[in-house]
Each structure stands twice: as structure tokens, then as C-alpha cells.
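# Remarks on the overall topology
Here is how the chains run, residue by residue.
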Amino acid sequence: MKLNEHMVVLTFILPTIFSTLVGPSSFAQSKINKNAPVLMAALAKVGVEVLTTRDLQIHQFINESEPLFNDYVDKKEPLKTLVWESLIYSESKTTLNQTVSETEIKDAAATFSKKYAKDKLWTSLSVSERDLNMAMERHQSAKKLMGLKMPTDLISITDKEVENYYAQNKSQLGHRPLEESREQIRKGLKSIKARERFSEWMRALTRTHSVEYFSGVQVQ
């Protein structure tokens with residue numbers, strides 16, 4: 001969606017423009033007047049792509065179905081993950097020799113649609129095939145590039161790092177012997193390194209593609 005489409009009248013659900021930031025399940029609790037035309041608000045701009053409340057709703061469902069960022073957040077922050085996804089999608093256009101194919105997009109969309117066919121909240125959004133395919137292209141492209149850029153199985157933790165952490169945090173580990181705690185520590189340190197690398201990558205992508213927020217709140 002381009003900048004000149006920031007404010008589009010459609011039959012969308014106004015009472016939850018910002019309650020969408022807490023997830024689809026909370027949104028479902030609202031009483032909805034489906035017949036009231038409302039304004040779709042712009043939340044952020046990544047490069048030339050404007051992200052709206054509509055994009056956020058669709059993203060929440062897709063990311064709930066196939067999470068990409070659970071290892072990098074402690075709580076649900078859908079606007080943040082939507083911006084991340086858009087940044088990675090923008091980068092994929094210049095980094096990948098070939099982005100996801102039309103067949104991959106349609107297959108992913110079909111799988112998603114089948115899963116949520118009886119979900120009343122999803123069907124109430126009346127998402128068109130075109131809008132779902134566009135959102136799925138962004139999601140699948142981000143997934144593909146993340147698989148190349150963030151392969152957690154290649155993050156190595158040395159025995160020295162494990163031993164240093166154990167020495168500094170022995171009481172928090174219940175004074176268990178090092179050998180009993182080694183794998184737990186290694187897994188935890190790998191997770192910390194993955195988050196650090198991901199954060200560095202997002203900062204670099206933000207400098208490359210630029211991010212502007214319209215909601216009044218800038219996520220970090």
C-alpha cells in the first residue's frame with residue numbers, strides 16, 4: 001500500500017484500531033458494528049510501504065498461525081513484528097536471488113485459509129484473496145531470508161562461556177553441579193546471542209530502509 005492510500009474508507013472495525021496491538025483474542029471481545037464505514041489508519045512506513053491497521057490485523061493472524069519472531073520477543077508486540085517483517089521483506093528484494101514463488105505464496109495462503117475458514121473473527125474481516133496473498137508474500141519472504149540470516153544451529157557457545165556464566169550465576173542455578181547445568185546454560189546463552197544478532201540486524205535494516213511511525217509510539 002502506497003503513501004497516498006493512508007486513509008481509506010472501508011467496512012473495518014474502528015473500536016479496535018489500537019486494541020489490535022494486544023492480539024486477535026482480545027479483539028474478539030469487542031462488540032462490532034460491521035455496517036459502519038470507518039477510516040483505516042496508517043501506523044508506520046517502512047521504506048515506501050505504508051503499514052495500516054488492516055495490515056496489522058492480517059499480520060496478527062498469519063503470525064499466530066506461523067510465528068517468525070517468538071524467539072526475539074518476551075511478549076506479544078504485533079506492531080513491532082509487523083515492522084520487522086516488512087524490513088526483512090524489503091531486504092529480501094535486494095538480497096535473495098529469487099524471492100518466494102507465486103506457487104509458494106498461493107499454497108501458503110490456501111493452507112492458512114483452510115485453517116481459519118471457520119474462525120469468526122478472521123472471516124469477519126472479509127480479507128480479499130489479493131490482500132491475503134500480499135501479506136503472505138511478505139511473511140514467506142521474511143521467513144526465507146531469516147532462515148539464511150539467522151540459523152540458530154550455527155551459533156556456537158564455548159565451554160569457557162558456559163563455565164563463566166555458571167561461576168557468576170551459581171546461586172540462581174540452585175548450586176547444582178556444572179555438568180547438570182551445562183546444557184541449560186548453553187541453550188540460554190545461545191538464545192541471548194541469537195537475540196543480540198537479530199537486534200543488530202534489525203538496526204542495520206532500519207538504517208538501510210528507514211522506518212517512520214504514525215501512531216505516536218515508536219517501538220524499539
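To be clear, the structure that these remarks concern was listed above.
Residues numbered from 1 in each chain as written. Predicted model: local features only at pLDDT ≥ 70, side-chain atom pairs only at ≥ 80, totals over all residues. Heavy atoms only, no water.

## Some words on the pairing of strand 4 (residues 49–52)
Strand residues, when the strand is regular, have side chains that alternate between the two faces of the sheet. Here strand 4 shows no split at all, with Glu49 and Leu51 on one side and Val50 and Thr52 on the other all buried. Pairing of strand 3 (residues 42–46) with strand 4, which is carried by four bridges, proceeds in the antiparallel orientation. Paired with Ala44 across the strands is Leu51, a residue of strand 4. In this structure, the hairpin formed by strand 3 and strand 4 is closed by a connection of two residues, where Gly47 is found at a positive phi of approximately 60°. (Buried < 20%, exposed > 50% of the residue type's maximum accessible area, 1.4 Å probe, protein only. Helix = DSSP H or I, 4+ residues; strand = E, 2+ residues; numbered from the N terminus. Pairing = 2+ DSSP bridges.)

## A look at the nonpolar core
Grouped together as the largest cluster of nonpolar side chains are 27 residues, with contacts concentrated most on Ile88, Phe198 and Trp201. When contributions to this core are tallied by element, the ones reaching two or more residues are strand 3, helix 3 (78–95), helix 6 (129–149) and helix 8 (178–209). When near neighbours in sequence (up to four residues on either side) are disregarded, Ile88 contacts Phe69, Ala142, Leu145, Met146, Phe198, Trp201, Met202 and Leu205. Listed in part, the 16 residues of the second largest apolar core include Phe61, Phe112, Leu121 and Leu125. (Core = buried A, V, L, I, M, F, W, Y, C linked by side-chain atoms within 4.5 Å. Contact = heavy atoms within 4.5 Å.)

## Topic: the packing of aromatic side chains
Summed over all chains, the structure comprises nine aromatic pairs. With a centroid separation of 4.1 Å and an interplanar angle of 10°, the aromatic rings of Tyr72 and Phe198 are classed as stacked. Taken together, the positions of Tyr72 in the loop between helix 2 (53–65) and helix 3 and Phe198 in helix 8 put the pair 126 residues apart, joining distant regions of the chain. For Tyr72, a relative accessible area of 11% puts it in the buried group. (Phe/Tyr/Trp six-rings, centres within 6.5 Å; stacked < 30°, edge-to-face > 60°.)

## Side note on the pattern of salt bridges
Enumeration according to the criterion identifies twelve salt bridges in this entry. Taking the shortest distance from any N to any O, the salt bridge between Asp74 and Arg195 comes out at 2.9 Å. Of this pair, Asp74 sits in the loop between helix 2 and helix 3 while Arg195 sits in helix 8, and the two are 121 residues apart along the sequence. Here Asp74 falls in the exposed class, since its relative accessible area comes to 71%. One salt-bridge network, held together by shared partners, links Asp159, Glu179, Arg182, Glu183 and Arg186. (Salt bridge = Lys/Arg side-chain N within 4 Å of Asp/Glu carboxyl O.)

## A look at the sheet that holds strand 3
Sheet strands line up and pair through hydrogen bonds in the backbone, either parallel or antiparallel. Read across the open sheet, the three strands follow the order 4-3-5; overall the sheet is antiparallel. Looking along the sheet, the strands with just one partner apiece sit at the ends: strand 4 and strand 5 (211–213). Between one strand and the next, the sheet's axes are offset by a mean angle of 20°, whatever the strand orientation. Along the sheet, helix 2 makes contact with strand 3 and strand 4, crossing strand 4 at roughly 75°. (Axes fitted to C-alpha atoms, helices over the stretch in contact; angles between N-to-C directions.)

## Quick notes on helix 2
If you check helix 2, its first and last C-alpha atoms are 19 Å apart, about what 13 residues at 1.5 Å a residue would give, namely 18 Å. Taking burial as the measure, the 13 residues of helix 2 include eleven buried ones, the bulk of the element. Listed in full, the buried residues belonging to helix 2 are Thr53, Arg54, Asp55, Leu56, Gln57, Ile58, His59, Gln60, Phe61, Ile62 and Asn63. (Expected span 1.5 Å × (residues − 1).)

## Here's the deal with the packing of helix 3 against helix 6
Close contact between helix 3 and helix 6 brings their axes to 8 Å; oriented N to C, the two are set at 75°. By the criterion of interaxial angle, the relationship of helix 3 to helix 6 is roughly perpendicular. Every residue of helix 6 that contacts helix 3 at Leu82, Glu85, Ser86, Ile88, Tyr89, Glu91, Ser92 and Thr95 is listed here: Ala135, Glu137, Arg138, His139, Ser141, Ala142, Leu145, Met146 and Lys149. Residues of the contact of helix 3 with helix 6, tallied by class, amount to seven nonpolar, five polar and five charged. (Parallel < 35°, antiparallel > 145°, perpendicular 65-115°, else oblique. Nonpolar A, V, L, I, M, F, W, Y, C, P; charged D, E, K, R; others polar.)

## Some points on the environment of Arg197
When you line up the elements, Arg197 lands in helix 8. With 48 residues separating them along the chain, Arg197 and Lys149 place their C-alpha atoms 9.5 Å apart. Aside from chain neighbours lying at most four places away, what touches Arg197 is Met150 and Ile155.

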